[in-house]
Amino acid sequence: MEQNNEECKSVVGGFQAPIKKAIQFSPPLYRQRYNFVKDLVNQHKPRKVADLGCGNALLIQTLKCHSCIELLVGVDINKDKIGSQRCQLSPYFGDYLSPRELNLSIILYHGSVVERDSRLLGFDLITCIELVEHLDPGDLADFPQVVFGYLSPAMIVISTPNAEFNPLFPAVTFRDADHKFEWNRKQFHTWASDVANLYNYSVEFTGVGEPPAGAENVGYCTQIGVFRKIGAKASESCLAGQHEEYVYKIVYTISYPSLQQKEVRKYALVNEVSRQVQSLRRGYAISLKILEDDENERLKDNGLIKFAGPVFTELEKVKIEKSPKPFSFGNKFYVPLERLLAYPKVNRLCDNVDMMRALIADTMKLNRDGSAVKVDLHNND
């Protein structure tokens, strides 16, 4: 955290009076909150995650890269805001070239966090980042019944401003005009402990946003409660037996390509095999000195291209070297499927040679017995 060196001035009773230095957080406070959630996800590997009061879905964007997550849901009452950044949630081209291992679906809903929707049952983690302070007294009273009682996820993270930190900011009463309240640490701890006891959760308190030197007594700028369900998570069969309640409206939904989808796996495998074959062909052709002189200048003493290939572990190198080597016959270059399977990126996409052959046979040329990929040795190099 950094402090601005310039002091702000205000006019009080006709005199200029200095007010407190502006506090700047590094990284920004919102990013520290998101990083806190990311660390929890890395630690606990939740499969289904929902962000209540998701706003422009920036936390959803942050979490979509986590390989353990299969379902990401955002809910917000502001329909315009929730859809404003949804293009950032779409898969990129690279997601098709290097797809996820597991499926991932992202859904954004328009609705109130104090409404019950059965599509949010059975989640591993629900986050409420800077949400509760926006709730009026009636909604705040209903909030625990819906989130802790009805949805009852395995873990809940709630963050909210720490009012004890506010005097360190220049001219701050509430941090946002829409805040209905801001709790001090005792108020938040009391509310959170009461809710946890009522709905059979444990709760641990922490926060982000360190105070400046000399003000450590005020605590974190953002206070956080991490709630964990005591006892076993509700089974899928129990959840399926509950009455379906669909009150939220879908604003956006997208599914990511994954290796669970046959066509996606095939596309990724063909692309990787093709890339590897061409890399091997070029190296082989250079070793036979049939490329142009300017290509030969890129040779190392061992005959490899200077910028070629990824770095392999010693175990991977041994596995590759033990596999059948590429060879040529006439103007044709052959790469045994067993050789290709020895490369980690190819091996990730298929378990064995038979599977590789079945996936690439209708796209790539193979030799007569189907044991090797066949390409022209002189490929317009």
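Rules of the game
Residues numbered from 1 in each chain as written. Predicted model: local features only at pLDDT ≥ 70, side-chain atom pairs only at ≥ 80, totals over all residues. Heavy atoms only, no water. Helix = DSSP H or I, 4+ residues; strand = E, 2+ residues; numbered from the N terminus. Buried < 20%, exposed > 50% of the residue type's maximum accessible area, 1.4 Å probe, protein only. Lys, Arg positive; Asp, Glu negative; His and termini not counted. Salt bridge = Lys/Arg side-chain N within 4 Å of Asp/Glu carboxyl O. Polar contact = N/O pair within 3.5 Å; in protein donor to acceptor, adjacent residues only side chain to side chain. Contact = heavy atoms within 4.5 Å. Pairing = 2+ DSSP bridges. Axes fitted to C-alpha atoms, helices over the stretch in contact; angles between N-to-C directions. pLDDT = per-residue confidence, 0-100. Patch = residues over 30% accessible without salt bridge, like charges linked within 9 Å, V, L, I, M, F, W, Y side chains within 5 Å. Areas by Shrake-Rupley, 256 points an atom, 1.4 Å probe, with all protein chains shown as cover. Parallel < 35°, antiparallel > 145°, perpendicular 65-115°, else oblique. Nonpolar A, V, L, I, M, F, W, Y, C, P; charged D, E, K, R; others polar. Expected span 1.5 Å × (residues − 1). Phe/Tyr/Trp six-rings, centres within 6.5 Å; stacked < 30°, edge-to-face > 60°.

1. Details of the side chain of Asp-51
- In this structure, Asp-51 sits in strand β3 (residues 48–52).
- Of the side chains bearing the opposite charge, Arg-33 lies closest to the buried Asp-51, which forms no salt bridge; the N-O distance is 10 Å.
- Reaching out from Asp-51, the side chain makes a polar contact with the side chain of Thr-127 at a distance of 2.7 Å.
- Other than its neighbours up to four places away in sequence, Asp-51 contacts Leu-59, Ile-60, Val-73, Gly-74, Val-75, Thr-127, Cys-128 and Ile-129.

2. Some words on the pattern of salt bridges
- Scanning the model with the defined rule gives 10 salt bridges in all.
- When the shortest N-O distance is used, the salt bridge between Glu-130 and Arg-33 registers 3.7 Å. Residue Glu-130 is located in the loop between β6 (125–129) and α5 (137–151), and its partner Arg-33 is located in helix α1 (residues 29–44); the two are separated by 97 residues in the primary sequence. Per residue, the accessibility class of Glu-130 equals that of Arg-33, and both read buried.

3. Some thoughts on the sheet that holds β6
- An order of β8-β9-β7-β6-β3-β4-β5-β10 is seen for the 8 strands of this open sheet, with the pairing classed as mixed. Both outer strands of the open sheet, β8 (201–208) and β10 (249–256), are each paired with one neighbouring strand and no more. When strand polarity is set aside, the average angle formed by the axes of neighbouring strands in this sheet is 15°.
- Pairing analysis gives 7 bridges linking strand β5 (residues 104–110) to β10, with the strands arranged antiparallel. Residue Ile-106 lies in a different strand from β10, and its bridge partner there is Ile-254.
- α1 contacts β6, β7 (155–161), β8 and β9 (222–229) of the sheet and is inclined by roughly 20° relative to β9.

4. Quick notes on the confidence of the model for the protein chain
- The predicted model of the protein chain averages 87 in pLDDT, with 85% of residues at 70 or higher.
- Contacts of residues 1–19 to residues separated by more than four positions or lying in other chains number 38 contacts, the stretch itself having pLDDT below 50.
- Segment residues 299–308 is flagged for pLDDT under 50; beyond a separation of four residues in sequence, or across chains, it makes 11 contacts in the model.

5. Quick notes on a nonpolar patch on the surface
- Together, Phe-93, Tyr-96, Leu-97 and Tyr-267 line one region of the surface with nonpolar side chains, adding up to about 400 Å² of accessible area.
- Looking at which element gives the most residues to the nonpolar patch, the answer is helix α4 (residues 93–97), with 3 residues.
- Relative to the assigned elements, Tyr-96 resides in helix α4.
- When its relative accessible area of 35% is taken as the criterion, Tyr-96 is described as partly exposed.

6. Remarks on the packing of helix α8 (residues 262–287) against helix α13 (residues 353–360)
- One can describe the packing of α8 onto α13 by two numbers: an axis separation of 9 Å at closest approach and a directional angle of 95°. Between α8 and α13, the interaxial angle falls into the category roughly perpendicular. Across the interface between the two elements, Lys-262, Arg-265, Lys-266, Leu-269 and Val-270 from α8 touch Met-355, Met-356, Leu-359 and Ile-360 from α13.
- A per-class count over the contact of α8 with α13 returns 6 nonpolar, no polar and 3 charged.

7. Observations regarding unusual backbone geometry
- Look at the link from Ser-26 to Pro-27: it is a cis peptide, with omega at 0°.
- Tracing the backbone shows Pro-27 in the loop between β2 (15–24) and α1.
- Positive phi, normally seen in glycine, also occurs at Ala-57, with a value near 65°.
- On the secondary structure map, Ala-57 appears in the loop between β3 and α2 (58–63).
- Judged by its relative accessible area of 0%, Ala-57 is buried.

8. What about α1?
- Helix length check: α1 (16 residues) gives 23 Å between terminal C-alpha atoms against 22 Å at 1.5 Å per residue, within 8%.
- Of the residues making up α1, those classed as buried are Leu-29, Gln-32, Arg-33, Tyr-34, Phe-36, Val-37, Leu-40 and Val-41.
- Residues of α1 that are buried sit in contact with α2, β6, β7, β8 and β9.
- Of the residues flanking the end of α1, it is Lys-45, one or two places downstream, whose phi is positive at about 50°.

9. Regarding the packing of aromatic side chains
- In this structure the tally under the stated criterion is 16 aromatic pairs.
- Between Tyr-284 and Phe-333, the aromatic rings sit 5.0 Å apart at their centres with planes inclined by 45°, giving tilted as the arrangement. With Tyr-284 in helix α8 and Phe-333 in strand β12 (residues 332–336), the pair connects residues that are 49 residues apart, well separated along the chain.
- Overall, Phe-333 belongs to the buried group, its relative accessible area being 0%.
- Put simply, the rings of Phe-143, Phe-181, Trp-183, Phe-188, Trp-191 and Phe-205 pair up and form one aromatic cluster.

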